[in-house]
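A look at the structure
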Amino acid sequence: MDRPFVFFVYLIESYSEHRGREPSSVLEELKQKNLTSFVFDIYEMYHTESLENAFRDIDSLLKTGHPLSDNS
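Residues numbered from 1 in each chain as written. Predicted model: local features only at pLDDT ≥ 70, side-chain atom pairs only at ≥ 80, totals over all residues. Heavy atoms only, no water.

What follows covers the pattern of salt bridges. Scanning all chains against the criterion turns up three salt bridges. Among the salt bridges present, the one from R19 reaches D59, with a minimum N-O distance of 2.4 Å. Here D59 lies in helix α5 (residues 51-64) and R19 lies in helix α1 (residues 3-19), a separation of 40 residues in the sequence. Its salt-bridge partner being E29, residue K33 comes within 3.3 Å of it at the nearest N-O pair. Three or more residues joined by partner-sharing salt bridges are found here, namely R21, E29 and K33. (Salt bridge = Lys/Arg side-chain N within 4 Å of Asp/Glu carboxyl O. Helix = DSSP H or I, 4+ residues; strand = E, 2+ residues; numbered from the N terminus.)

Encoded structure:
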């Protein structure tokens, strides 16, 4: 498996555990909001920062559809 995929799985599992959710429900919500590819593709940023930053970004994505760094 390639590194981005392995990290994506780790990120979703860690996020789910931290938020007390099932990984499948997080993936389903990302899929319904068309955000799965976005989270996967931002590997370069997420894997170099603390997981808490990625968690906050995912929270924002799920709530608003935009990452924290997006000023739109």
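Formed by 18 residues in total, the largest nonpolar core has its most connected members in F7, L11, Y15, L30, V39, Y46 and I58. Among the elements of the structure, α1, α2 (23-32), α4 (43-46) and α5 are those that each provide at least two residues to this core. (Core = buried A, V, L, I, M, F, W, Y, C linked by side-chain atoms within 4.5 Å. Buried < 20%, exposed > 50% of the residue type's maximum accessible area, 1.4 Å probe, protein only.)

This part takes up the packing of α1 against α5. α5 packs onto α1 with a crossing angle of 80° between their chain directions and a minimal axis gap of 10 Å. Taken together, α1 and α5 sit at an angle that is classed as roughly perpendicular. Every residue of α5 that contacts α1 at F7, Y10, L11, S14, Y15, H18 and R19 is listed here: L51, A54, F55, R56, I58, D59 and L62. Of the residues that constitute the contact of α1 with α5, the class distribution is nine nonpolar, two polar and three charged. (Axes fitted to C-alpha atoms, helices over the stretch in contact; angles between N-to-C directions. Parallel < 35°, antiparallel > 145°, perpendicular 65-115°, else oblique. Contact = heavy atoms within 4.5 Å. Nonpolar A, V, L, I, M, F, W, Y, C, P; charged D, E, K, R; others polar.)

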